Amino acid sequence: MKKIQIYTDGACSGNPGKGGWGAVLVYNGKEKEISGGEDMTTNNRMELTAVVEALSALKEACEVTLTTDSKYVCDAINKGWVYSWKSKGWKKADKKPALNVDLWEKLLALLEVHKVEFVWVKGHNGHPYNERCDRLAVDYYNSH
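First things first, this report covers the structure right here in the doc. Predicted model, so just to flag it, every value in this text is computed and none were measured. (Residues numbered from 1 in each chain as written. Predicted model: local features only at pLDDT ≥ 70, side-chain atom pairs only at ≥ 80, totals over all residues. Heavy atoms only, no water.)

### Considerations on the pairing of strand β4 (residues 62–68)
Next, step 1: Of all seven residues that make up β4, five are buried, and the element is covered over most of its length.
Next, step 2: Bridge count for strand β1 (residues 2–14) against β4 is seven bridges, and the pairing is parallel. From the neighbouring strand, Q5 faces β4, where its bridge partner is T65.
Next, step 3: The sheet contact formed by β4 and strand β5 (residues 115–120) spans six bridges and is parallel. If you follow E63 over to β5, its bridge partner there is K115. (Buried < 20%, exposed > 50% of the residue type's maximum accessible area, 1.4 Å probe, protein only. Helix = DSSP H or I, 4+ residues; strand = E, 2+ residues; numbered from the N terminus. Pairing = 2+ DSSP bridges.)

### Brief notes about the pattern of salt bridges
Next, step 1: With the rule as written, the count across this model stands at seven salt bridges.
Next, step 2: For E63, the salt bridge is made with K3, and the minimal N-O distance between the two is 4.0 Å. Of the two residues, E63 is situated in strand β4 and K3 in strand β1; the sequence distance between them amounts to 60 residues.
Next, step 3: Here R132 and E33 are joined by a salt bridge, their closest N and O atoms 2.8 Å apart. Of this pair, R132 sits in helix α5 (residues 128–143) while E33 sits in strand β3 (residues 30–41), and the two are 99 residues apart along the sequence.
Next, step 4: A relative accessible area of 42% means that E33 is categorised as partly exposed.
Next, step 5: Sharing partners across several salt bridges, the network here consists of E31, E33 and R132. (Salt bridge = Lys/Arg side-chain N within 4 Å of Asp/Glu carboxyl O.)

### Notes on the sheet that holds β4
Next, step 1: The sheet built from five strands is open, its strands ordered β3-β2-β1-β4-β5 with mixed pairing. Two strands in the sheet have a free side with no partner beyond their single neighbour: β3 and β5. Pairwise comparison of adjacent strand axes, ignoring direction, gives a mean angle of 20° for this sheet.
Next, step 2: Across 10 bridges, the pairing between strand β2 (residues 17–27) and β3 is antiparallel. Along β3, the bridge assignment pairs Y27 with K30.
Next, step 3: Packing against the sheet, helix α1 (residues 43–56) makes contact with β1, β2, β3, β4 and β5, and its axis sits at approximately 155° to β1. (Axes fitted to C-alpha atoms, helices over the stretch in contact; angles between N-to-C directions. Contact = heavy atoms within 4.5 Å.)

Here it is in structure tokens:
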């Protein structure tokens, strides 16, 4: 399996509001930037969209180290929350409906294909790729 590093971030002007996401995929010294956004969305939705879109861009099964500043994404995967939500009919521990189910379902399908390790980094703390992804996300929603 190819080993890929992926860095992602999402941003929102208002929450909800106009949002963007950005990702940088790094393989064998080569980098690819991708970004997108929505007119009315949430920060968590953009964080999750960045992860889904980045993994969807891979053309074959890969071993991925995915770095994000989203506790929402990292904790949901690494602490197993998303699997619990799914097993309970997309209900959280407090019995409230889980949010962004469409994106979680896409991500779970992608995790069946790729071996992914989720790594959390503190946002806006000088991590070069995290800062770059943030700029991609913000630039996208500022230009659309």
